[in-house]
Amino acid sequence: IIISQSIGLAYRLYLYYNPPPPPPPTLGFGLLPPINFPDQANYDLMFELETPNAGFPVLEDRGVVYYMPFQRASLLALDEADLTAEMLGFIEDPISLTSEIYQWKMSLPSPLVLEQNISNGSYVYNYQWQTDKGLLRDSNIPGKDETIIEVENYLQKTGLELEDVDHEDAVISYTKASGNRMIPALSISDANFVQVDLFRQPILIGVGDDAVERPVVTPDPEKGIIRMQLSGSILASKRIVGVEYNYYPVNYLEPHTYLLKPVDQAWQELKSGNAFVALNEDDEADIIYIRRIELGYFDSYQAQEYMQPIYIFRGDDGGSDQFIAYIHAINDLHIVQQ
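Quick caveat: nothing in here was measured; it's all calculated off a predicted structure. (Residues numbered from 1 in each chain as written. Predicted model: local features only at pLDDT ≥ 70, side-chain atom pairs only at ≥ 80, totals over all residues. Heavy atoms only, no water.)

S.K.: Mind showing me how you'd approach helix α3 (residues 144-157) here?
M.R.: In an α-helix, one turn spans 3.6 residues, which is why side chains three or four residues apart end up on the same side. An ideal rise of 1.5 Å per residue puts 20 Å on 14 residues; α3 measures up with 20 Å between its terminal C-alpha atoms. In this structure, the buried residues of α3 make contact with β6 (123-127), β7 (165-178), β9 (193-200), β13 (226-231), α4 (236-239) and β14 (240-245). At the C-terminal side of α3, G159 shows a positive phi close to 70°. (Helix = DSSP H or I, 4+ residues; strand = E, 2+ residues; numbered from the N terminus. Expected span 1.5 Å × (residues − 1). Contact = heavy atoms within 4.5 Å.)

S.K.: Would you explain the packing of aromatic side chains in this entry?
M.R.: For any pair of aromatic rings, the description consists of the separation of the ring centres together with the inter-plane angle of the planes. Summed over all chains, the structure comprises 18 aromatic pairs. Both rings, one in F29 and one in Y306, keep their centres 4.9 Å apart while their planes meet at 45°; by these two values the pair is tilted. Taken together, the residues span a long stretch of sequence, with F29 in the loop between α1 (2-17) and β1 (46-49) and Y306 in strand β18 (residues 306-307) at a distance of 277 residues. Grouping residues by exposure puts F29 and Y306 together as buried. Here the aromatic rings of F37 and F298 are separated by 4.8 Å at their centres, their planes lie at 65°, and the arrangement is edge-to-face. Of the two residues, F37 sits in the loop between α1 and β1 while F298 sits in strand β17 (residues 287-298), which places them 261 residues apart along the sequence. Just as F37 is buried, F298 falls in that class too. Ring pairing ties together the aromatic residues F37, F276, F298 and Y326, which thus form one cluster. Residue placement shows K223 over the ring face of Y301; its charged tip is 5.3 Å from the ring centre. (Phe/Tyr/Trp six-rings, centres within 6.5 Å; stacked < 30°, edge-to-face > 60°. Buried < 20%, exposed > 50% of the residue type's maximum accessible area, 1.4 Å probe, protein only. Lys NZ or Arg CZ within 6 Å of the ring centre and 35° of its normal.)

S.K.: It is not clear to me how the nonpolar core should be interpreted in this structure. Could you clarify?
M.R.: Buried together is how nonpolar side chains tend to be arranged in soluble globular proteins. Counting 39 residues, the largest nonpolar core has Y123 and Y125 as its most contacted members. For Y125, the contacting residues outside a window of four places in its chain are L88, F90, L112, V113, L114, I240, V241, G242 and V243. Ranked by size, the runner-up nonpolar core spans 28 residues in total, among them Y258, L270, Y306 and A329. (Core = buried A, V, L, I, M, F, W, Y, C linked by side-chain atoms within 4.5 Å.)

S.K.: What should I look at first to understand the sheet that holds β18 in this one?
M.R.: Backbone hydrogen bonds are what pair the strands of a sheet, in a parallel or an antiparallel way. Pairing is antiparallel across the open sheet formed by three strands, whose spatial order is β15-β2-β18. Strand pairing shows two members of the sheet lacking a second neighbour, β15 (251-259) and β18, which therefore form its edges. As judged from the two bridges shared by strand β2 (residues 62-67) and β18, these two strands associate in the antiparallel manner. Residue Y66 lies in a different strand from β18, and its bridge partner there is M307. (Pairing = 2+ DSSP bridges.)

S.K.: What's the story with helix α5 (residues 263-271) in this structure? I'm lost.
M.R.: For α5, the complete set of buried residues consists of V263, A266, W267, E269 and L270. Along α5, the residues classed as buried sweep out an arc of 160° about the axis, all on the same side. For α5, the secondary structure elements touched by its buried residues are β1, β17, β19 (309-316) and β20 (322-328). Phi turns positive one or two residues past the end of α5, at G273, with a value near 90°. (Arc of directions from axis to C-beta.)

S.K.: Even after reading the chapter, I still don't get the layout of surface pockets, so can you show me in this structure?
M.R.: A probe matching the size of a water molecule, rolled over the atoms, marks out where space remains unfilled. In this model, the largest pocket occupies a volume close to 520 Å³. Take the lining of the largest pocket: its biggest share by element is three residues, from β20. Residue classes in the lining of the largest pocket are distributed as 13 nonpolar, seven polar and four charged. When its volume is computed, the second largest pocket comes out at roughly 360 Å³. Looking at the second largest pocket, it is lined by 20 residues, and the ones nearest its centre are E60, R62, G63, V64 and I205. Taken together, the elements giving at least two residues each to the lining of the second largest pocket come down to β2, β11 (212-214) and β17. (1 Å grid on protein atoms, 1.4 Å probe; cavity = no way out; pocket = protein on both sides within 12 Å on 5 of 7 lines; lining within 4 Å. Points joined across faces, edges and corners; volume = space filled by probe spheres on them. Nonpolar A, V, L, I, M, F, W, Y, C, P; charged D, E, K, R; others polar.)

S.K.: How do you make sense of the sheet that holds β7 when you look at a structure like this?
M.R.: The strand order across the open sheet built from nine strands is β3-β4-β5-β6-β14-β13-β9-β7-β8, with neighbouring strands paired in antiparallel fashion. Because the sheet does not close on itself, it has two edges, and the strands there are β3 (95-96) and β8 (181-184). In terms of strand pairing, β7 meets β9 through seven bridges, oriented antiparallel. Residue S173 lies in a different strand from β9, and its bridge partner there is Q195.

S.K.: I would appreciate a short explanation of the side chain of D164 in the present structure.
M.R.: Within the secondary structure layout, D164 lies in the loop between α3 and β7. The class of D164 is buried, set by a relative accessible area of 10%. One polar contact links D164 to R200, side chain to side chain, over a distance of 2.9 Å. In this view, D164 contacts F199, R200, Q201, Y247 and Y252; residues no more than four positions away in its chain are not counted. (Polar contact = N/O pair within 3.5 Å; in protein donor to acceptor, adjacent residues only side chain to side chain.)

Pasting the structure below:
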């Protein structure tokens with residue numbers, strides 16, 4: 001018994017200090033397209049690394065990639081778009097703006113317009129509140145909990161119950177009318193509208209005690225893949241005055257793994273001006289101090305074929321102004337070269 005237990009302990013110790021190599025990446029999607037970050041002006045910044053350990057974090061050498069089946073069947077695309085429009089209250093036939101963009105209209109009495117991409121389901125819903133002066137006198141602005149309930153009801157009514165969208169952590173902000181624009185309000189009592197931004201939930205990578213959550217970020221960290229604006233009107237038809245819907249489904253059940261570029265390579269790309277700057281609150285900063293580097297996923301407002309991992313660099317200008325930048329994390333060996 002003692003010999004048997006000793007052999008078992010020795011074997012476990014051997015595996016602890018000499019773990020078997022991980023399985024090779026599956027590469028099941030073949031070469032991946034580059035991430036199509038939004039266009040932006042070149043930046044000329046200096047960076048200093050000031051992470052808690054004064055170095056790079058220890059991150060995995062491979063990442064999980066997910067397929068995003070955004071394309072609707074062409075023969076059914078308009079029918080599906082018509083169904084969404086009908087659920088939103090539009091009964092008139094649409095007009096075609098392009099081969100993919102269709103527009104529905106009605107009057108409440110101000111114009112209410114829905115423009116939908118019938119190929120991928122994204123849409124913009126806009127009530128022209130600027131010409132409805134009575135709307136701004138309505139003061140029934142909902143609080144956070146009531147706003148979240150109304151948003152959930154709206155998604156259910158339109159048949160868009162999205163399991164991977166985080167409702168509880170929705171970002172709530174208050175705005176007021178300034179001419180034809182909405183600007184931030186100081187408080188709910190000063191507001192004409194409440195704005196809601198919904199983001200995708202973090203993605204859980206791994207199983208058991210080794211599982212980690214990876215954040216899912218958008219091109220604008222303050223704007224979700226779904227943005228809604230609610231008025232103070234008690235009329236249901238005028239309650240929601242704006243929606244930007246850029247949600248695309250993710251197939252989490254059949255992922256594939258790919259090698260990641262080393263984090264120090266991503267650091268050099270950031271310093272060389274090859275990152276996408278998602279947030280820079282101090283346009284005049286000369287030096288940005290990077291406080292944290294992590295892996296996450298990029299959730300574009302435009303339809304993309306794959307949900308791919310990125311390196312997220314978070315920092316500041318040495319004060320309170322925040323800085324966030326993204327670098328495509330997949331190893332260049334697995335990317336289609338353009």
